[in-house]
Amino acid sequence: MEIAVLIPAYQPDSVLISLVQALHRENFRLIVTDDGSGPAYADIFSALLPCAEVLTCPENRGKGRALKCALRHLAADPQDCRAFITADADGQHTVADILRVREALLSGSRFVLTTRTLHGKSVPLRSRVGNDLSRFFFSLAAGCFLEDNQSGLRGFSTDCLPWLTEIGGEKYDYEMNVLLYAARQELPITQLPIETVYLDGNQSSHFDPLRDTLRIYRRMLDTARGSVLAWLLHTAAMLLLSMTLGWRFFLFSIPLCGAGSAALSYCFNRFLVFRRVRYACGPRMLFGAAVRTSLRLLFCCILHPLGLPLFAAWLIGSVLTVPLEYAYVRLTGPWWSSYALRRS
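This section reports on the structure supplied with the text. (Residues numbered from 1 in each chain as written. Predicted model: local features only at pLDDT ≥ 70, side-chain atom pairs only at ≥ 80, totals over all residues. Heavy atoms only, no water.)

**A closer look at the overall build of the chain**
Along the backbone of the chain there are 12 helices and 7 strands. A compact globule built from 344 residues would reach a C-alpha radius of gyration of about 20 Å, and the chain, at 23 Å, matches this within 12%. If one aligns the C-alpha atoms of the chain with their principal axes, the spans along those axes are about 75 × 40 × 35 Å. Residues counted as buried form 52% of the 344 residues belonging to the chain. Relative to all contacts within the chain whose residues are 6 or more apart in sequence, the contacts with residues 24 or more apart total 78%. (Helix = DSSP H or I, 4+ residues; strand = E, 2+ residues; numbered from the N terminus. Rg over C-alpha atoms; globule rule 2.2 N^0.38 Å. Buried < 20%, exposed > 50% of the residue type's maximum accessible area, 1.4 Å probe, protein only. Contact = heavy atoms within 4.5 Å.)

**Considerations on the pattern of salt bridges**
For the structure on display, the rule yields 18 salt bridges. A salt bridge links Arg 29 to Glu 53; the nearest nitrogen and oxygen atoms lie 2.7 Å apart. Highlighted residues: Arg 29 in strand 2 (residues 29-35) and Glu 53 in strand 3 (residues 53-57), separated in sequence by 24 residues. Each of Asp 173, Arg 219, Asp 222 and Arg 225 takes part in a single network of salt bridges with overlapping partners. (Salt bridge = Lys/Arg side-chain N within 4 Å of Asp/Glu carboxyl O.)

**Let's talk about empty space enclosed by the protein**
One way to see where empty space is left: roll a probe the size of a water molecule over the atoms. On inspection of all chains with the given rule, the structure shows 2 cavities of 30 Å³ or more. In this structure, the largest cavity occupies an estimated 160 Å³ of space. Lining the largest cavity are 15 residues; nearest its centre among them are Cys 144, Glu 186, Leu 187, Ile 189 and Ser 337. Contributions of two or more residues to the lining of the largest cavity are made by helix 7 (173-184), strand 7 (189-193) and helix 12 (310-343). Taken as a whole, the second largest cavity spans an internal volume of roughly 70 Å³. Together, Leu 67, Leu 71, Thr 86, Gly 152, Arg 154, Phe 156, Leu 164, Tyr 174, Glu 175 and Val 178 line the second largest cavity. Listed by contribution, the elements that provide at least two residues to the lining of the second largest cavity are helix 3 (63-76), strand 6 (154-157) and helix 7. Considering each element in turn, the lining of the second largest cavity owes the most residues, 3 residues, to helix 7. Tallied by class, the residues present in the lining of the second largest cavity amount to 6 nonpolar, 2 polar and 2 charged. (1 Å grid on protein atoms, 1.4 Å probe; cavity = no way out; pocket = protein on both sides within 12 Å on 5 of 7 lines; lining within 4 Å. Points joined across faces, edges and corners; volume = space filled by probe spheres on them. Nonpolar A, V, L, I, M, F, W, Y, C, P; charged D, E, K, R; others polar.)

Below, the structure is given as structure tokens:
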């Protein structure tokens, strides 16, 4: 079997049995992880054994841990699989869409990210708001735009297994971390639209809107710590320049500080945070830094006549730059995607 499907499951219902049986008929290798569901769900997992390999975690540790358990099992026993798909156990990923992901993988895609249409009355409000916010902050943190960064239906070639099994994240934050690491490697991401399915208002989801959202943003901040550190040093340098030189030579000092911050961010990320993977996003991140610095300089020029201290003008310009930087990332996303594909 060339393609495996990995399904993490916590306290599933009979929908999982139907899904596994349907995928088995499509000649997938199936690996299901019982994420500490408990004895009450033993019958459901036993019913899967004729069709799937069932791995058992002694206690519930989260979706990320369950996925990595299946990934390590696949890495240790690939059985001629050249790609794999991750899917949810609650029936929100249809067999037809899973088959479309398989087609994309067999056609040569290394990473397939499915995207849903998260608008309309059928989509729960928490899903719409959550995806819009995470899309905005992910774009700023990763420097690339993805239409939907929370879909659990994804496909990978097996050469991604080494880094997928090692990166951080135990719960839903793991899936966000996967995207951050993929972006840093300039891994070509095929975005594949799928059917948007929410059963009973998404009541079957184990996603905690508060705790899991905080985990996702904390993971995003942790993975971006190299860039955050460079920004803090950049801010300190601008404060020092404002106190010593003021507006003198600001046409040179602002670009110089921006260039220094970009260089530090590259070094921190390349040699510390992402040292275990191929860090290939240097050109994209440097272009983004150039756009960001140019916009800040422009706003400082506009604010100069108001008599504000340089540091205050720079801070205001930095805030005003954020939505424009998001627009830049969104507009240039297709070009950088084709660039990553050419380099792969």
